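# A look at the structure
This is what each chain is made of:
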Amino acid sequence: MNRVAQHPVQAFLAALAAVGILSVMDAVMKALVLAIGIYAVSIWRSVVGFILSGSLYLPRRLPWPSRSTLRIHVARGLIVTVMAFLFFWGIGRVPLAQAIALTFIAPLIALMLAALFLHEKIGGRSIGGSVAAFAGVLVIVLGQARAELGPDVLMGSVAIIGSALCYACNIVLMRHQALAAKPLEITFFQSLTVLVLWLAVIPFAGLPDWPSDYWWTWIVIAAAMSTAGAMLFAWGYARAEASYLAVTEYSAFLWAAALGWIVFQEPVSLYTVAGAGMIVGGCIIAARSKIAAPGEVEVAT
């Protein structure tokens, strides 16, 4: 273990960048789910993700992680697998902006979990920022409730809420994991765990169809963005508390609203615009709570 300076503002920016990259990936994944199905997308993306992360991690010939660290890697890989499947299945049936709005219960649950399991102190600004951002979510949900939605939206929404519950655990575990291992190790073992879990499904569900060259290109792009986002999150969560960085998740709505409108012609209502403004305000409030001088934290070497 070595001591690394805490840089909350830089960590906040890294987390924001990770959210942005993964939000674009969400749009790519929605297109893939609609085109070739959630099962095929999940299998082939896990294969490409493992190849990408392995090509970055394995040549370094780093020592095998300790048993306790390995348990963290496997636990988070399991959570990520369930979380991703529920979310991507859901966004195939729910507009992107509405889907992201539903996931915003995750940072609020993560605040409580971080205090409970990581013994983090929850600052007033972090709480205030989360409450302001969540109020924006409520405005968005109110607008969505007034719109006419298709018959599959209810099941898709339930799946996304389930994914959000998994993600709340994931946010807290990211902080714990980032203090025990470096980004490349975290990304590799996450991709390995996800791949193993999906390979275990194949004997029961069968091997999915081979995608066309066009969709293979987008699968590779989605996997690359997933890897980049995971590494940015790992870097950020090693340098700032989970309760502070959790609020960056709210910025995903801005990406979802824009991409849903541009790519999938999903309309953006006045409720959406008003809620987005409240979400941005909440993120700014939370970010300003950590402009103090950097401290130090022990992270893995």
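Quantities reported herein were computed from a predicted structural model and do not represent experimental measurements. (Residues numbered from 1 in each chain as written. Predicted model: local features only at pLDDT ≥ 70, side-chain atom pairs only at ≥ 80, totals over all residues. Heavy atoms only, no water.)

## Comments concerning the overall build of the chain
- Regarding its fold elements, the chain presents 12 helices and 2 strands.
- Within the chain, buried positions represent 50% of all 301 residues.
- Of the contacts formed within the chain by residues at least 6 apart in sequence, a portion of 92% connects residues at least 24 apart.
- Working note: accessible area of the chain is about 13,800 Å², and carbon and sulfur atoms make up 70% of it. (Helix = DSSP H or I, 4+ residues; strand = E, 2+ residues; numbered from the N terminus. Buried < 20%, exposed > 50% of the residue type's maximum accessible area, 1.4 Å probe, protein only. Contact = heavy atoms within 4.5 Å. Areas by Shrake-Rupley, 256 points an atom, 1.4 Å probe, with all protein chains shown as cover.)

## Examining the confidence of the model for the chain
- Here the chain averages 82 in pLDDT, while 84% of its residues score no lower than 70.
- Per-element confidence in the chain is highest for helix α2 (residues 38–57), whose mean pLDDT is 94, and lowest for strand β2 (residues 296–299), whose mean pLDDT is 43.
- Predicted confidence for residues 290–301 stays below pLDDT 50, and this span has 40 contacts to residues more than four positions away or in other chains. (pLDDT = per-residue confidence, 0-100.)

## Some thoughts on empty space enclosed by the protein
- This model, assessed by the stated rule, comprises 2 cavities of 30 Å³ or more.
- Quantified by volume, the largest cavity comes out at close to 800 Å³.
- Contributing to the lining of the largest cavity are 40 residues, with Leu22, Met25, Met83, Ala84 and Phe88 lying nearest its centre.
- Elements with a contribution of two residues or more to the lining of the largest cavity: α1 (8–36), α2, α3 (67–91), α4 (96–103), α5 (105–117), α7 (153–178), α8 (183–205) and α9 (213–237).
- For the lining of the largest cavity, the element with the most residues is α3, which contributes 8 residues.
- Tallied by class, the residues present in the lining of the largest cavity amount to 23 nonpolar, 13 polar and 4 charged.
- The computed volume of the second largest cavity comes to approximately 30 Å³. (1 Å grid on protein atoms, 1.4 Å probe; cavity = no way out; pocket = protein on both sides within 12 Å on 5 of 7 lines; lining within 4 Å. Points joined across faces, edges and corners; volume = space filled by probe spheres on them. Nonpolar A, V, L, I, M, F, W, Y, C, P; charged D, E, K, R; others polar.)

## Thoughts on unusual backbone geometry
- For arginine 61, which is not glycine, the phi torsion reads 50° and is therefore positive.
- Relative to the helices and strands, arginine 61 resides in the loop between α2 and α3.
- Under the relative-accessibility criterion, arginine 61 is labelled exposed at 77%.
- Although it is not a glycine, glutamine 265 adopts a positive phi angle of roughly 55°.
- As for its position among the elements, glutamine 265 is in the loop between α11 (252–264) and α12 (270–287).

## Points about the nonpolar core
- Grouped together as the largest cluster of nonpolar side chains are 73 residues, with contacts concentrated most on Phe88, Phe233, Tyr237, Leu245 and Phe253.
- Here this core gets 12 residues from one element, more than from any other, and that element is α1.
- Here phenylalanine 233 is in contact with Ala15, Ala18, Val19, Leu22, Tyr167, Met174 and Glu249, once residues within four sequence places are set aside. (Core = buried A, V, L, I, M, F, W, Y, C linked by side-chain atoms within 4.5 Å.)

## Side note on the side chain of arginine 239
- One can find arginine 239 in the loop between α9 and α10 (242–245).
- Judged by its relative accessible area of 16%, arginine 239 falls in the buried class.
- Of the polar contacts made by the side chain of arginine 239, one reaches the backbone oxygen of tryptophan 235; its length is 3.1 Å. (Polar contact = N/O pair within 3.5 Å; in protein donor to acceptor, adjacent residues only side chain to side chain.)

## Topic: the packing of aromatic side chains
- Following the criterion strictly, the structure yields 13 aromatic pairs and no others.
- When the ring of tryptophan 44 is compared with that of tryptophan 216, the centres are 5.5 Å apart and the planes differ by 55°; the resulting orientation is tilted. Taken together, the positions of tryptophan 44 in helix α2 and tryptophan 216 in helix α9 put the pair 172 residues apart, joining distant regions of the chain. The burial state of tryptophan 44 is the same as that of tryptophan 216; both residues are buried.
- Consider the rings of phenylalanine 85 and tryptophan 198, whose centres lie 6.0 Å apart with planes at 55°: the pair is tilted. Of this pair, phenylalanine 85 sits in helix α3 while tryptophan 198 sits in helix α8, and the two are 113 residues apart along the sequence.
- Members of the aromatic cluster, each reached through a chain of ring pairs, are Phe50, Tyr57, Trp64, Phe188 and Phe189.
- Cation over ring: lysine 30 sits above phenylalanine 264, and NZ or CZ is 5.1 Å from the ring centre. (Phe/Tyr/Trp six-rings, centres within 6.5 Å; stacked < 30°, edge-to-face > 60°. Lys NZ or Arg CZ within 6 Å of the ring centre and 35° of its normal.)

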